[in-house]
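Residue-level listing of the chains:
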Amino acid sequence: MLLDDFYEILDLKSEDNQILIASIKIDKTHHIFEGHFPENPVTPGVAMLQILKNCLEIHLKEPLLMKHLSHVKFLTLVNPNIEDTIDFNIKIRHHAEGFKIKNYTSFRDGRSILKCNVTFVKNPKTIELE
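Heads up: these notes are all about the structure in this document. It should be emphasised that the depicted structure is a prediction, and the values quoted were computed from it without experimental measurement.

## A look at the layout of surface pockets
Next, step 1: There is about 160 Å³ of room inside the second largest pocket.
Next, step 2: Lining the second largest pocket, in full, are H68, S70, K91, R93, K100, I101, K102, N117, V118 and T119.
Next, step 3: Those elements giving two or more residues to the lining of the second largest pocket turn out to be strand 3 (64-74), strand 4 (85-95), strand 5 (98-107) and strand 6 (112-122).

Here's what the structure looks like:
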């Protein structure tokens with residue numbers, strides 16, 4: 001996993017294999033926050049996208065590549081000292097090349113964090129997934 005020890009998956013469940021719900025707890029002591037930003041940690045957007053990809057790979061048991069990303073909206077900063085648990089709600093649609101997903105990420109109270117559409121294709125490289 002690219003973001004080793006950055007987060008913990010608290011829950012990963014699927015509804016009819018079309019919706020994936022992942023609850024994630026971010027490690028507020030992770031070294032990524034030393035540079036992003038000292039005294040005022042902010043979870044990097046690219047890390048949020050990587051978590052999304054990792055959860056989807058675990059669920060599908062397939063290595064994936066992000067092919068296309070659109071309608072990306074980071075709506076709220078995630079400071080793990082204030083709130084370290086977030087929920088990804090991922091709608092999955094099978095596509096000829098792989099998977100199209102519509103993601104909605106929020107805090108536990110429903111406040112929006114990230115919205116995006118992503119097309120993933122199967123990664124021909126063999127990687128080991130947890």
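## Let's talk about the packing of aromatic side chains
Next, step 1: Under the criterion given, the structure shown has one aromatic pair.
Next, step 2: Taking 5.7 Å as the distance between ring centres and 35° as the angle between the ring planes, the aromatic pair formed by F6 and F33 counts as tilted. Residue F6 is located in the segment before strand 1 (7-15), and its partner F33 is located in the loop between strand 2 (19-26) and helix 1 (45-60); the two are separated by 27 residues in the primary sequence. Like F33, F6 is buried.

## Brief notes about the nonpolar core
If you look at soluble globular proteins, the nonpolar side chains tend to sit buried side by side.
Next, step 1: In this structure, L56, I86 and F88 are the most contacted members of the largest nonpolar core, which totals 30 residues.
Next, step 2: Listing elements by their share of this core, those giving two or more residues are strand 2, helix 1, strand 4, strand 5 and strand 6.
Next, step 3: Looking at which element gives the most residues to this core, the answer is helix 1, with eight residues.
Next, step 4: Excluding its chain neighbours within four sequence positions, the residues that come into contact with L56 are L20, L64, I90, I92, I101 and F120.

## So, the pairing of strand 1
Next, step 1: With eight bridges connecting them, strand 1 and strand 2 associate as antiparallel partners. Bridging across to strand 2, L12 finds its partner in A22.
Next, step 2: Between the end of strand 1 and the start of strand 2, which pair antiparallel, lie three residues, with D16 showing a positive phi angle near 55°.

## Things to note about the sheet that holds strand 3
Next, step 1: The strand order 1-2-4-5-6-3 describes an open sheet built from six strands, whose pairing is antiparallel. Each edge of the open sheet carries a strand with a single partner, namely strand 1 and strand 3. Looking at each pair of strands side by side, their axes are set apart by 20° on average, direction ignored.
Next, step 2: Of the pairings in the sheet, the one linking strand 2 to strand 4 comprises seven bridges and is antiparallel in character. Residue pairing across strands places I21 opposite N89, the latter belonging to strand 4.
Next, step 3: On the sheet, helix 1 packs against strand 1, strand 2, strand 3, strand 4, strand 5 and strand 6 and is oriented at approximately 130° with respect to strand 3.

Thresholds, definitions, all that
Residues numbered from 1 in each chain as written. Predicted model: local features only at pLDDT ≥ 70, side-chain atom pairs only at ≥ 80, totals over all residues. Heavy atoms only, no water. 1 Å grid on protein atoms, 1.4 Å probe; cavity = no way out; pocket = protein on both sides within 12 Å on 5 of 7 lines; lining within 4 Å. Points joined across faces, edges and corners; volume = space filled by probe spheres on them. Helix = DSSP H or I, 4+ residues; strand = E, 2+ residues; numbered from the N terminus. Phe/Tyr/Trp six-rings, centres within 6.5 Å; stacked < 30°, edge-to-face > 60°. Buried < 20%, exposed > 50% of the residue type's maximum accessible area, 1.4 Å probe, protein only. Core = buried A, V, L, I, M, F, W, Y, C linked by side-chain atoms within 4.5 Å. Contact = heavy atoms within 4.5 Å. Pairing = 2+ DSSP bridges. Axes fitted to C-alpha atoms, helices over the stretch in contact; angles between N-to-C directions.

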